[in-house]
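The chain contents come next:
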2 protein chains.
Amino acid sequence: MTDSLALDGRGPLHEQIRRAVCAPIISGAWPPGRRVPSEHELMALFGASRMTVNRAMRTLADDGLIVRRRRTGSVVAAATGDRAVMSIGSIRATVEAGDQTYSYESLARRHARASDDSAGRFKIAAGTPLLNLSCRHFAGGRPTALEDHWINLAAVPEASDEPFDKTPPGEWLAARLPWPKSQYVVTALNAGAAMAKLLDLAPGTACLKIDRRSWRNGVPAAFVTTLYPGTGHALTGEVAPP
Amino acid sequence: MTDSLALDGRGPLHEQIRRAVCAPIISGAWPPGRRVPSEHELMALFGASRMTVNRAMRTLADDGLIVRRRRTGSVVAAATGDRAVMSIGSIRATVEAGDQTYSYESLARRHARASDDSAGRFKIAAGTPLLNLSCRHFAGGRPTALEDHWINLAAVPEASDEPFDKTPPGEWLAARLPWPKSQYVVTALNAGAAMAKLLDLAPGTACLKIDRRSWRNGVPAAFVTTLYPGTGHALTGEVAPP
DNA sequence: TGCGATTTGTACGTATGTATT
DNA sequence: CAATACATACGTACAAATCGC
């Protein structure tokens, strides 16, 4: 039973091998710490070359299902916690995916300097010029999100010339900072009076708050807080052993 | 300038090639849609074999930075939204990571059947036996989370024999269902009276609610709702172009 | 301490298949 | 149909890490 590994004949060989080894792991038949057959054993088992077996095993290691070490071989990884992949798309995309018309309103645009107000969260030298933008997003005419952007003008100087009256800052930034390094912090908070009014909610309503810091080439580029009515928006994610 | 790609001499060759091609993409020098040099061109550029170049390009494609198509070649992918990886560890691990002592209390344990109460969210045949568990988690003696588990006994029959008075159901399930397919939905909600009392909060306090559905071999296995005080807990995630 | 054996990591060369223009 | 460029797969070789003797 320990070696009832079988190929299913569907798709590329390295995928079949990956699935064959994956199955007893996700079924629990091979508990964490159990040794996985070596590449040579799998070569003999399946009649495949080592490159092919190696690719299958490397993929499993990349996905975190096994841990590979030289000489000692590979073992099933300990299931720590989930690492869920949350898709955080643009607000426009989210709204339009729900077949509603999207619109946007700029609430404020002002220049500031670091170590002033909420910019302290940013970890940049005091005095660094920042651009602060507040805006509101609508789905079908109803407010659906508030956003507060702090853009580091030392890192993104072009932002100075942009009025942000038509283009939401999130989309503008995404176009200029493709694939930045980012950190997200998601919490819940009670809407204050001003926030509740802007979102058309009763004061105190629970809201989802998503803070995002992003860097460009190691330099802090933007700090964005997004607020959603708690009942009107959800962050969804998935974990799937491939 | 379009071909000022250079290796840095550090680490394996395929990593160097990946970094060399990654750099102009994340800097924005190569905008989405721009053609990436073909494998043959990169072979000639770097003097590497096609297998090595292929591995570098395949990794970039796996990470979503490029899209590969036969005949037409590879292009820089459009930056859609972020796909943040949120680590959702066990509550015990989270508490102990903050140097607090963890404890756990079982509040309820009862048998139920599907299409009864909140089990309807589950999409399983009516009448399927379920086990419902409520529990509370403490960090340093103070309540830090509430959990409500619905376990499908048709998928996880061993749960019937487990009292869950010492072992939190989350940990018990994690040990028996390693790497299940899971879906997460994160929302915010106002604490009701009972919830507020159990979490030692003022009624109405914003809480973070994490719903998790998990499947085992395609069969729904468990539905878990976790509630955290909104101010006392955060879900954090990261996006990093490797 | 050193040495050999095992196992994975990297890289090469080559060949053939497949999707697309 | 031909050309292009990626996809898969084989065989080989050497390097690096590590374990046991």
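In this convention, every chain numbers its residues from 1, walking through the sequence in written order. Going through the entries in the order they are written, you letter the chains from A and number the ligands from 1. Local features in this predicted model are restricted to residues whose pLDDT is 70 or higher, and side-chain atom pairs enter the listing and the counts only when it is 80 or higher, whereas totals over whole chains, interfaces and linings include all residues. To get the side-chain values, all heavy atoms of the structure are used, and hydrogens and water are removed first.

K.L.:
Before we go on, may I ask you to explain the relation of the copies chain A and chain B in this structure?
P.N.:
Think of it as a corkscrew move, a rotation about one axis and a shift along it, taking one chain copy to the other. The transform that puts chain A on chain B rotates by 180° and translates by 0.0 Å along the axis, for an RMSD of 0.1 Å. The transformation just described matches what one would write down for a two-fold rotation axis. The share of interface residues of chain A whose copies in chain B are also at the interface is 98%, consistent with both copies meeting through the same surface. What sets the superposition is a least-squares fit of C-alpha atoms, and only residues with pLDDT of at least 70 in both copies go into it. Only heavy atoms enter the contact rule, under which two residues are in contact if any of them lie within 4.5 Å.

K.L.:
Help me understand the pairing of strand β3 (residues 73–76) of chain B in this model?
P.N.:
For a regular strand, side chains alternate in direction, first toward one face of the sheet and then toward the other. Residues and elements named next belong to chain B. For strand β1 (residues 35–36) and β3, the ladder comprises 2 bridges, and the chain directions are antiparallel. Bridging from a neighbouring strand, Arg-35 pairs with Val-75 of β3. For two strands to pair, DSSP has to find at least two bridges joining them. Numbering of helices and strands runs from the N terminus; a helix is a DSSP stretch of H or I covering at least four residues, while a strand is a stretch of E covering at least two. The turn joining strand β2 (residues 66–69) and β3, which pair antiparallel and follow one another in sequence, is formed by 3 residues; a positive phi near 70° is taken by Arg-71.

K.L.:
Which parts of the structure should I look at to understand the protein's contact with DNA strand C?
P.N.:
We call a residue near a molecule or strand whenever a single non-hydrogen atom of that residue lies within 4 Å of it. Among the 24 residues in the neighbourhood of DNA strand C, the closest are listed as A:Arg50, A:Arg68, A:Arg70, B:Leu13 and B:Thr52. Backbone sugar and phosphate groups make up 69% of those atoms of DNA strand C lying within 4 Å of the protein. One of the side-chain N or O atoms of A:Arg50 is found 2.6 Å from a base oxygen in DNA strand C. We call two N or O atoms a polar contact when they sit within 3.5 Å, provided that within protein one can donate a hydrogen and the other can accept it, with sequence-adjacent residues counted only if both atoms are side-chain atoms. Here a phosphate oxygen of DNA strand C sits 2.3 Å away from a polar atom, N or O, in the main chain of B:Leu13. Within the residue set of the surface near DNA strand C, elements represented by two or more residues are α3 (50–62), β2 (66–69) and β3 (73–76) of chain A together with α1 (13–27) and α3 (50–62) of chain B.

K.L.:
Looking at this model, I keep getting lost on the environment of A:Asp148. Mind explaining?
P.N.:
Residue and element names in this part refer to chain A. By the element assignment, Asp-148 lies in strand β7 (residues 142–152). In this structure, the C-alpha to C-alpha distance between Asp-148 and Leu-45, residues 103 residues apart in sequence, is 58 Å. Sequence-distant contacts of Asp-148, defined by excluding residues within four places in its chain, comprise Asn-132, Leu-133, Ser-134, Phe-223, Val-224 and Thr-225. Of the polar contacts made by the side chain of Asp-148, one reaches the side chain of Asn-132; its length is 3.2 Å.

K.L.:
I would appreciate a short explanation of the protein's contact with DNA strand D in the present structure.
P.N.:
In the vicinity of DNA strand D, 25 residues are found, and the nearest of them are A:Leu13, A:Thr52, B:Arg50, B:Arg68 and B:Arg71. Sugar and phosphate atoms form 68% of the subset of DNA strand D atoms that lie within 4 Å of the protein. A:Arg50 places a side-chain nitrogen or oxygen 3.5 Å from a base nitrogen of DNA strand D. Here a phosphate oxygen of DNA strand D and a side-chain polar atom of A:Arg69 are 3.2 Å apart. Taken together, the elements giving at least two residues each to the surface near DNA strand D come down to α1 (13–26) and α3 of chain A together with α3, β2 and β3 of chain B. Looking at the surface near DNA strand D, the element that brings in the most residues is α3(A), giving 4 residues.

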